[in-house]
Amino acid sequence: MATTHAIGFVTAALLAVGASAAVGLTGAIIGPGFGFAPVGFAAIASAPIGATASPLPVLQGAKPWLTAVAGGPQALRGKVVIVNFWTYSCINSLRALPYLRSWQERYARKGLVVVGVHAPEFQFEHDAAKVQLASGQLGVNYPNLQDNDYSVWRGFANEGWPGFYFIDAQGRIRGYRVGEGKYAEAEQFIRSLLVEAGQDLSGMPLVPVNGTGIEAEADWNNLRSPESYLGYGKAEGFASPGGAARDSSRNYAAAPGLALNRWDLAGQWTIGREFASFDGNSGTIRFRFHARDAHLVLGGAGDGKSIRYRITIDGIAPGADHGADVDADGWGEIKEDRLYQLVRQSSKVIDRTVSIEFKRPGARAYAFTFG
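Read on for an overview of the structure. (Residues numbered from 1 in each chain as written. Predicted model: local features only at pLDDT ≥ 70, side-chain atom pairs only at ≥ 80, totals over all residues. Heavy atoms only, no water.)

**Focus on the pairing of strand E19 (residues 364-370)**
Quick reminder of the rule: Classification of residues uses two cut-offs on accessible area relative to the type maximum, computed with a 1.4 Å probe and protein chains only: under 20% is buried, over 50% is exposed, and between them is partly exposed. Numbering of helices and strands runs from the N terminus, with a helix taken as a DSSP run of H or I at least four residues long and a strand as a DSSP run of E at least two residues long. Only when DSSP finds a minimum of two bridges between them are two strands counted as paired.
Most of E19 is tucked away: seven of the seven residues are buried. The pairing of strand E9 (residues 228-229) with E19 spans two bridges and is antiparallel. Bridge assignment links Tyr 229 to a residue of E19, and that residue is Ala 367. The sheet contact formed by strand E14 (residues 293-299) and E19 spans six bridges and is antiparallel. Residue Val 297 lies in a different strand from E19, and its bridge partner there is Ala 367.

Right, dumping it as structure tokens:
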């Protein structure tokens with residue numbers, strides 16, 4: 001696979017259902033596979049090998065729909081359809097949302113339907129109520145279905161988050177893309193399919209889309225830290241002395257020093273396959289990173305009570321470099337299982353160490369992501 005940005009991840013959920021490993025690569029161009037190769041659109045490939053030749057029946061037979069298609073799934077016939085594979089704790093998926101919302105809003109009256117297929121990475125994302133809550137908070141108001149068993153993913157032979165399929169008004173997959181970026185070209189391709197279907201777009205110029213907050217485009221030029229998992233199933237770069245004890249509570253000590261893209265724990269923790277859970281009354285996670293933004297996927301204790309945390313950057317409060325989910329003093333609160341933005345640097349991006357301190361047990365930490 002080709003990639004224009006240095007970030008990638010392996011989809012654990014796909015491995016869990018026994019399918020081939022899926023790799024999500026930011027800016028990746030996949031192909032050629034079987035299907036209709038788009039002409040003049042370098043960032044859009046043919047459908048991947050193994051993808052269904054009849055995508056609409058796959059969608060029509062899928063369930064549950066968390067947000068239904070107006071008129072039912074059968075109403076997709078005759079429409080240009082964009083199918084987006086996503087998961088709500090994935091920063092790559094979140095940064096694609098402004099474009100998907102814009103396309104749905106601008107072109108719905110011209111016959112476009114955006115369909116989200118939520119294919120969970122972590123176990124908590126299998127909970128439809130949590131997905132519906134997150135979808136509402138994120139403004140995912142277009143049709144959205146839950147693909148817990150990856151049946152739709154396998155039917156489309158999707159290869160990562162975010163995945164985009166471009167289906168013409170005849171119900172054929174005309175293009176595919178996995179990863180972020182090249183959205184202007186993707187919109188031009190959507191417009192070409194709408195014009196081909198008989199729509200007049202002459203009075204609709206392209207309008208730039210700019211994500212804000214957690215959905216803002218990554219600072220690719222300064223991104224030198226990869227997605228890093230904390231569960232032993234895919235963890236790399238763990239630096240606490242003595243290594244990890246699997247599935248048992250242990251008191252960890254901070255490393256004497258952290259090299260770039262290394263992390264450690266201090267205090268009483270249990271490192272499970274998918275996440276590290278905090279068992280004590282005072283403990284921290286640290287990560288040495290190089291990026292404008294630092295995020296951490298976190299979950300609560302399951303008792304319905306929020307968990308307070310505090311971050312520091314290189315040992316001091318973040319001030320103007322705080323992320324959307326902490327204040328200038330570094331305080332934040334885990335209320336839902338989701339991705340939390342801890343750091344957005346407003347100054348020069350250099351190697352920094354973010355430390356997250358917890359004061360009560362129950363927090364679950366899944367993965368760091370950067371932007």
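**A look at helix H5 (residues 128-138)**
Test applied: What the arc measures is the spread of directions leading from the helix axis to the C-beta atoms. The contact rule is simple, with two residues in contact once any of their heavy atoms fall within 4.5 Å. Whenever a nitrogen or oxygen atom comes within 3.5 Å of another N or O atom, the pair is scored as a polar contact, on the condition that within protein one atom can donate a hydrogen and the other can accept it, and that pairs from neighbouring residues in sequence are kept only if both atoms are in side chains.
For H5, the set of buried residues is Val 131, Ala 134, Ser 135 and Leu 138. Taken down its axis, H5 places every buried residue within 100° of arc, on the same side. Across from the buried face of H5, at angles greater than 90 degrees, the exposed residues are Ala 129 and Gly 136. Buried residues along H5 sit in contact with strand E3 (65-67), strand E4 (80-86), helix H3 (91-94), helix H4 (97-107), strand E5 (112-118) and strand E6 (144-146). A side-chain oxygen of the first residue of H5 lies 2.9 Å from the backbone nitrogen of Ala 129; this N-cap is Asp 127. Two residues or fewer past H5, Gly 139 is found with a positive phi of approximately 75°.

**Regarding the sheet that holds strand E7 (residues 163-167)**
Rules: For every element, the axis is a line fit to its C-alpha atoms; helices are fit only across the contacting stretch, and the angle between N-to-C directions ranges from 0 to 180 degrees.
Spatial ordering of the open sheet is given by E3-E6-E5-E4-E7-E8, a layout of six strands whose pairing is mixed. At either margin of the open sheet sits one strand with a lone partner, and together these are E3 and strand E8 (173-178). Averaged over neighbouring strand pairs, the angle between their axes works out to 20° when direction is ignored. Note: E4 against E5, seven bridges, orientation parallel. Within E5, the position partnered with Phe 85 by the bridge is Val 117.

**Considerations on the pattern of salt bridges**
Here is the rule: Salt bridge, as used here, is a side-chain nitrogen of Lys or Arg placed within 4 Å of a carboxyl oxygen of Asp or Glu.
This structure, assessed with the given rule, holds 19 salt bridges. The partner of Asp 337 in a salt bridge is Arg 364, and the shortest N-O contact between them spans 3.1 Å. One end of the pair, Asp 337, is in the loop between strand E16 (331-334) and strand E17 (338-344); the other, Arg 364, is in strand E19, with 27 residues separating them in the sequence. Accessibility assignment for this pair places Asp 337 and Arg 364 in one class, buried. Through salt bridges with shared partners, one network takes in Asp 168, Arg 172, Arg 174 and Glu 196.

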